[in-house]
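Inside the fold
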Amino acid sequence: TKRPQAAGLRGEPSAKGVPFLRKRSFPVSAVAGAVLCVVAIWLVAFSSVLGVQTVSVRGTHTLSVSQVRDAAHVGHGTPLIRLDTSAVARRVRQLPDVASASVRVSYPNTVVITVVERIALGYLPRGSAYVLVDRTGDQFRTVSVRPKGLPLFDIPAGATATGRAVADVAAALPASIRQRLASIQAFDPTSITLQLSDSRVIRWGSDDRNADKA
């Protein structure tokens, strides 16, 4: 008589006469990789490990570093990867003395803010105060003392185009000449007159070919 063979898991005889069980390999390496990815994302995007520790400000002359930092309003510990640098730059540009601002991050923990300040080329009277005007014709800051070394912009009130033309002329002049100006007068952009501090008068005309005239 034949000896009965041992049945396998599915009723099939095994080679050694003992039940055969299939082994399932557990993907340990895949789980470990997923955990590492989660930890890396948390470190970079949500923790303060790569967050803001230092705010470096460059390009200030009139403004103080603290004024720029206060306007930037960058939260300490904010992850650099999630920092909205465009929004920070917009807040800094709201400072009257700032002509432009750029913001970048520097890993592991620094935000760098670079500003270009407005340069006053003349002033307008405003009651008992004075308003500084830059090369674009923008009136950006009010001071209580008449500025020294800057010409008075003598233009009609509300004459934006004329004010811009006068500012263009002032920007074209060398600083050594601009410091000798008492005023720049204009009723419109085509009739600009420069008066020096020694009472000499220069009939400039329109604001075209300013560099050649200067």
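No experiment lies behind these values; they were computed from the predicted model shown.

The next point concerns the overall build of the protein. Helix and strand counts for the protein come out as 6 helices and 10 strands. Here the protein, with 214 residues, has 32% of them falling under the buried criterion. Per element, the accessible surface of the protein, about 13,900 Å² overall, is 55% carbon and sulfur.

Turning our attention to the nonpolar core. For soluble globular proteins, nonpolar side chains are generally found buried alongside one another. Judged by nonpolar contacts, the single largest core of 20 residues is most densely connected at V68, V74, V88, V92, V111 and I113. Of all elements in the fold, only strand 1 (54-58), helix 2 (65-72), helix 3 (85-93), strand 2 (98-106) and strand 3 (110-117) reach the threshold of two or more residues within this core. When residues no more than four places from it in sequence are discounted, the contact partners of V92 are V68, A71, A72, V98, A101, I113 and V115.

Quick look at the side chain of T193 now. Mapping T193 onto the fold places it in strand 9 (residues 192-196). Residue class for T193 comes out buried when judged on its relative accessible area of 14%. When sequence neighbours within four positions are dropped, the list of residues in contact with T193 reads S183, I184, Q185, V201, I202, R203 and W204.

Moving on: the pattern of salt bridges. One pass over the full model with this rule turns up 6 salt bridges. The salt bridge involving D212 is made with R209; its shortest N-O contact spans 3.3 Å. Of the two residues, D212 and R209, both sit in the exposed class. A single network of salt bridges, built from pairs that share partners, joins R118, D134 and D138.

In terms of strand pairing, strand 2 meets strand 3 through 8 bridges, oriented antiparallel. Opposite S100, over in strand 3, you have V116 as the bridge partner. Two successive antiparallel strands, strand 2 and strand 3, enclose a turn made up of 3 residues.

Let's shift gears to the sheet that holds strand 1. If you walk across this open sheet you meet the 3 strands as 1-3-2, and the pairing is mixed. Lying at the two open borders of the sheet, with one neighbouring strand each, are strand 1 and strand 2. Neighbour-to-neighbour, the strand axes of the sheet open up by a mean angle of 20 degrees, direction not taken into account. Most of the contacts of helix 2 go to strand 1, to which it runs at about 120 degrees, and overall it touches strand 1 and strand 3.

Glancing now at the packing of helix 2 against helix 3. Two numbers describe how helix 2 lies on helix 3: the axes approach to 8 Å, and their chain directions differ by 125 degrees. On the basis of the axis angle, helix 2 is oblique to helix 3. The chirality of how helix 2 crosses helix 3 is right-handed. On helix 3, the residues that touch V68, A71 and A72 of helix 2 are V88, R91 and V92. Class assignment for the residues of the contact of helix 2 with helix 3 results in 5 nonpolar, no polar and 1 charged.

What follows covers unusual backbone geometry. At the junction of Y107 and P108, the peptide bond is cis and its omega measures out at 15 degrees in the coordinates. Turning to its location among the elements, P108 is positioned in the loop between strand 2 and strand 3. In the Ramachandran plot, H73 falls in the positive-phi region, its phi being about 55 degrees despite a non-glycine side chain. Counting through the fold element by element, H73 comes out in the loop between helix 2 and helix 3. With a phi angle near 55 degrees, R209 is a residue other than glycine that sits in the positive phi range.

Before going further, it helps to examine the environment of L132. Tracing the backbone shows L132 in strand 5 (residues 129-133). Judged by relative accessible area, L132 falls into the buried class, the value being 7%. Residues L132 and P147, 15 residues apart in the sequence, show an inter-C-alpha distance of 8.3 Å.

Summarising the element assignment, N210 is placed in helix 6 (residues 210-213). From its side chain, N210 meets the backbone oxygen of D207 in a polar contact 2.9 Å long. Those residues within four positions of N210 in sequence are excluded, and the remaining contacts are D168, V169, A172 and W204.

Parameters and conventions
- All residue numbers refer to position in the chain's written sequence, counted from 1.
- Given that this is a predicted model, residues contribute local features only at a pLDDT of at least 70 and side-chain atom pairs are listed and counted only at 80 or more, while totals for whole chains, interfaces and linings are drawn from all residues.
- Excluding hydrogens and water, the side-chain figures rest on all heavy atoms present in the structure.
- Every helix listed is a DSSP run of H or I at least four residues long, and every strand listed is a run of E at least two residues long, numbered separately from the N terminus.
- Only protein chains enter the accessibility calculation, which uses a 1.4 Å probe; a residue is then buried when its area is under 20% of its type maximum, exposed when over 50%, and partly exposed in between.
- Computed with the Shrake-Rupley method and a 1.4 Å probe, the accessible areas treat only the protein chains shown as cover for residues.
- Residues belong to one nonpolar core when they are buried, are Ala, Val, Leu, Ile, Met, Phe, Trp, Tyr or Cys, and are joined through side-chain atoms within 4.5 Å.
- The contact definition used throughout considers only heavy atoms, calling two residues in contact when any of these lie within 4.5 Å.
- Salt bridges are counted wherever a side-chain nitrogen of Lys or Arg sits within 4 Å of a carboxyl oxygen of Asp or Glu.
- A pair of strands is considered paired only if DSSP assigns at least 2 bridges between the two.
- Here the axes come from fitting lines to C-alpha atoms, over the contacting stretch only for helices, and the angles between their N-to-C directions go from 0 to 180 degrees.
- Throughout, the term roughly parallel applies to angles under 35 degrees, roughly antiparallel to angles over 145, roughly perpendicular to angles from 65 to 115, and oblique to all others.
- Handedness of a crossing is defined here by the sense of rotation of the near helix relative to the far one, left-handed for an anticlockwise turn of less than a right angle and right-handed for a clockwise turn.
- The classification used treats Ala, Val, Leu, Ile, Met, Phe, Trp, Tyr, Cys and Pro as nonpolar, Asp, Glu, Lys and Arg as charged, and all other residues, Gly among them, as polar.
- Two N or O atoms form a polar contact when they lie within 3.5 Å of each other; inside protein one atom must be a possible hydrogen donor and the other a possible acceptor, and for residues adjacent in sequence the pair counts only when both atoms belong to side chains.

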